[in-house]
Amino acid sequence: MPIDLNAEEARIRLGGGSKAIDRQHEKNRLTARERISKLLDPDKHWFELGLWAAWNMYSEWGGAPSAGVVTGVGTVSGRQVMVIANDATVKAGAFFPMTCKKVLRAQRIAHENRLPLVYLVDSAGVFLPLQDEVFPDEDDFGRIFRNNAVMSAEGIPQFAAIMGNCVAGGGYLPVLCDTLLMTEGSGLYLAGPALVKAAIGQVVDSENLGGAKMHAAISGTIDYREPNDEACIERLRRLVGMLPVSTGLAPCAVAPGVNPRLNEEFTPFTQNDYDVRELLKLLLDDAPFDEYKADYGKTLVCGFGKLGGKAVGIVANQKQRVKSADGQIQFGGVIYVESADKAARFVMDCNQLRVPILFVQNVNGFMVGKESEQHGIIRAGAKLVNAISNSVVPKLTLITGGSYGAGNYALCGKAFDPRFIVAWPTAKYAVMGGDQAASTLLDIQVQALKRTGKEPEAGELAELRDKVKASYEEQTDVRYAAARLWVDAIIQPEDTRQALLTALSVATRFDDGRAFKTGVFQV
């Protein structure tokens, strides 16, 4: 059965906790999640991204639930937008290393899909004890502002509302946006009063240094001055409502061909052996599925179906044993030469037809051994990786079980630019399975001990093996992956169709018309 993560997710959504929430309210400010709730259209789907970011990280600093920032896709005044909201209950909204990476991921999704952005700003800036991991690199703090400028130049609308602190380098984010709102009592400055006094000896209060009235009347930096959060959000909704309505799929409408089997039990698909076609029947519309090369390369199921009335290509691991044309038994979840060849050809077809692709991963990896190597498993795998890497159509990835080694790569893992990548609680991320990895790591450690002249006894070996396996399996937990943003969201199986509908609606907003080209294929 899928792990029940509801209680832990509820704790994460509390951010810095009830006392920190009370302090935010004492300042007459809403929390990040309260602001988002008022911003979004009621009864529309909120697709939160990166909820588990920084999970079990930064414990020496008291932790940073959800990396101190809330991101996701929602509907504002009938328009799909990406929302990025600093959570001031977590270290005053300061930026940890994972905060930067989470904001950058949200910006990338918005950029690739030409999705308008709404920033709800309430941040003290860089978390100084970790400044060397936040400040300087191309995937750190400054890249956020570079992205603001690039997206503005490309005509992707960006709105920013300052509803609290906005200091130091972080001040560039809202000012680089197209439209800037600010509430009374907020502060926008490169250096706060204490730093100004220390740097140049000048004594100035926060309001005169960088308050909303000053920026509205004297510096001219802001466009709209608002008395409080509620008025600011109300105007923000009106401004977003000026945008053209997206021509993509409605993210929350009842989809054409809605699946009548949606409420059926997902438990069989969390087990080791099942027919993936039965899972696809629950995820796709109640419409024909045109399976591609159904009698060839059977450990990967490829074909065309409909999702929300829109055509989509499917590449999915078959999880039951199958028999090849020559009578060979092939294991479910393993990619063989012919299945890799088939999938590469199918990915090329999807690009030729400009059809988005959904990858459904539950993969142990590629087949190994003398016969497989002699048949060209590396060549076939490289062909599939090449086709996916050069795809120009939107790619979505769903991980339901194992995502091991090169199988992760070959089925569009995070490194291969899926527009969205989501996982069930049963997903496992690792270079290989726990038993195989434990044996390999144990052998390495035993050899190291022998080189020092120590021959471990049987009891020591068993204890060492258990320790190695426990450590490895901790890292394969999908929450470990989500904490590092290797997946965008952990979703319950019964919520998969809604998540995929929303992801597809965003991913199909825009086609830049790029031609599909591949590099050299080893044949």
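Residues numbered from 1 in each chain as written. Predicted model: local features only at pLDDT ≥ 70, side-chain atom pairs only at ≥ 80, totals over all residues. Heavy atoms only, no water.

### Some remarks on the side chain of Asp275
Thought 1: Inspection of the secondary structure assignment puts Asp275 in the loop between helix 11 (229–240) and helix 12 (276–283).
Thought 2: Among the polar contacts listed, one links the side chain of Asp275 to the side chain of Gln318, at a separation of 3.0 Å.
Thought 3: For Asp275, the residues in contact, after removing those within four places along its chain, are Phe269, Gln318 and Gln320. (Helix = DSSP H or I, 4+ residues; strand = E, 2+ residues; numbered from the N terminus. Polar contact = N/O pair within 3.5 Å; in protein donor to acceptor, adjacent residues only side chain to side chain. Contact = heavy atoms within 4.5 Å.)

### Describing the packing of aromatic side chains
Thought 1: A complete count under the given rule lists 15 aromatic pairs for this structure.
Thought 2: When the ring of Trp61 is compared with that of Phe127, the centres are 5.6 Å apart and the planes differ by 80°; the resulting orientation is edge-to-face. On the criterion of sequence distance, the pair formed by Trp61 in the loop between strand 1 (47–49) and strand 2 (69–76) and Phe127 in the loop between strand 4 (117–123) and helix 5 (131–134) is long-range, its members being 66 residues apart.
Thought 3: When its relative accessible area of 34% is taken as the criterion, Trp61 is described as partly exposed.
Thought 4: For Phe127, a relative accessible area of 10% gives the class buried.
Thought 5: Their ring planes at 55° and their centres at 6.2 Å tell us that Phe145 and Tyr172 sit as a pair that is tilted. Of this pair, Phe145 sits in helix 6 (residues 141–153) while Tyr172 is found in helix 7 (residues 172–175), placing the two residues 27 residues apart along the sequence. (Phe/Tyr/Trp six-rings, centres within 6.5 Å; stacked < 30°, edge-to-face > 60°. Buried < 20%, exposed > 50% of the residue type's maximum accessible area, 1.4 Å probe, protein only.)

### Structural notes on empty space enclosed by the protein
In this approach the atoms are scanned with a rolling probe the size of a water molecule, which exposes any empty space left behind.
Thought 1: Inspection of every chain in the model, using the stated rule, returns three cavities of 30 Å³ or more.
Thought 2: Estimated volume of the largest cavity: approximately 150 Å³.
Thought 3: Around the largest cavity sit 18 residues that line it, and Asn86, Phe95, Val121, Ser123 and Leu173 are the ones nearest its centre.
Thought 4: Empty space within the second largest cavity amounts to approximately 50 Å³.
Thought 5: Looking at the lining of the second largest cavity, its residues break down into four nonpolar, two polar and three charged. (1 Å grid on protein atoms, 1.4 Å probe; cavity = no way out; pocket = protein on both sides within 12 Å on 5 of 7 lines; lining within 4 Å. Points joined across faces, edges and corners; volume = space filled by probe spheres on them. Nonpolar A, V, L, I, M, F, W, Y, C, P; charged D, E, K, R; others polar.)

### Some details on the pattern of salt bridges
Thought 1: Counted by the stated rule, this structure contains 25 salt bridges.
Thought 2: Note that Asp229 and Arg35 form a salt bridge whose closest N and O atoms lie 2.9 Å from each other. In this pair, Asp229 sits in helix 11 while Arg35 sits in helix 3 (residues 32–39), placing the two residues 194 residues apart along the sequence.
Thought 3: For Asp229, a relative accessible area of 2% gives the class buried.
Thought 4: Across the salt bridge formed by Asp275 and Arg277, the nearest N and O atoms sit 3.1 Å from each other.
Thought 5: In this structure Arg277 comes out as partly exposed when scored by relative accessible area, which is 26%.
Thought 6: Here the salt bridges do not stand alone but share partners, grouping Glu9, Arg13, Arg33 and Glu48 into one network. (Salt bridge = Lys/Arg side-chain N within 4 Å of Asp/Glu carboxyl O.)

### Describing helix 2 (residues 18–26)
Thought 1: Buried within helix 2 are the following residues: Ala20, Ile21 and Gln24. All buried residues of helix 2 fall inside an arc of 105° around its axis, so they share one side. Exposed residues pointing more than 90 degrees away from the buried face of helix 2 are listed as Ser18, Lys19 and Glu26.
Thought 2: Residues of helix 2 that are buried sit in contact with helix 3 and strand 4.
Thought 3: Looking one or two residues beyond helix 2, the residue adopting positive phi is Asn28, at roughly 60°. (Arc of directions from axis to C-beta.)

### Here we look at a nonpolar patch on the surface
Thought 1: On the surface, Tyr172, Leu176 and Leu190 cluster together into a nonpolar patch covering about 300 Å² of accessible area.
Thought 2: Within the secondary structure, Leu176 is located in the loop between helix 7 and strand 6 (179–183). (Patch = residues over 30% accessible without salt bridge, like charges linked within 9 Å, V, L, I, M, F, W, Y side chains within 5 Å. Areas by Shrake-Rupley, 256 points an atom, 1.4 Å probe, with all protein chains shown as cover.)

### Some points on the packing of helix 13 (residues 337–353) against helix 15 (residues 377–389)
Thought 1: For the pair helix 13 and helix 15, the least separation of the axes is 8 Å and the interaxial angle reads 20°. Considered as vectors, helix 13 and helix 15 are oriented roughly parallel to each other. Handedness of the crossing formed by helix 13 with helix 15: left-handed. Counted together, Val337, Ala340, Asp341, Ala343, Ala344, Val347 and Met348 of helix 13 and Ile377, Arg379, Ala380, Gly381, Lys383, Leu384, Ala387 and Ile388 of helix 15 form the full contact between these two elements.
Thought 2: When its residues are assigned to classes, the contact of helix 13 with helix 15 shows 11 nonpolar, one polar and three charged. (Axes fitted to C-alpha atoms, helices over the stretch in contact; angles between N-to-C directions. Parallel < 35°, antiparallel > 145°, perpendicular 65-115°, else oblique. Left-handed = near helix turned anticlockwise from the far one by under 90°.)

### Things to note about the layout of surface pockets
Thought 1: In this structure, the largest pocket encloses a volume near 600 Å³.
Thought 2: As for the largest pocket, its lining consists of 23 residues, of which Glu112, Val392, Arg419, Asp512 and Arg514 are closest to the centre.
Thought 3: At three residues, helix 4 (residues 97–113) tops the list of elements feeding residues into the lining of the largest pocket.
Thought 4: Of the residues in the lining of the largest pocket, the class split is six nonpolar, five polar and 12 charged.
Thought 5: Surrounding the second largest pocket, 17 residues form its lining, Lys101, Leu104, Arg105, Arg108 and Asp139 being those nearest its centre.
Thought 6: Broken down by secondary-structure element, the contributors of at least two residues to the lining of the second largest pocket are helix 4 and helix 6.
Thought 7: At six residues, the largest contribution of residues to the lining of the second largest pocket is made by helix 4.

### Overview of the side chain of Ser186
Thought 1: Structurally, Ser186 is set in the loop between strand 6 and strand 7 (187–189).
Thought 2: Here Gly164 takes part through its backbone nitrogen, which lies 2.8 Å from a polar atom of the side chain of Ser186.
Thought 3: In this structure the side chain of Ser186 is engaged in a polar contact, spanning 2.7 Å, whose partner is the side chain of Thr183.
Thought 4: In this view, Ser186 contacts Arg29, Ile162, Met163, Gly164, Gly210, Gly211 and Ala212; residues no more than four positions away in its chain are not counted.

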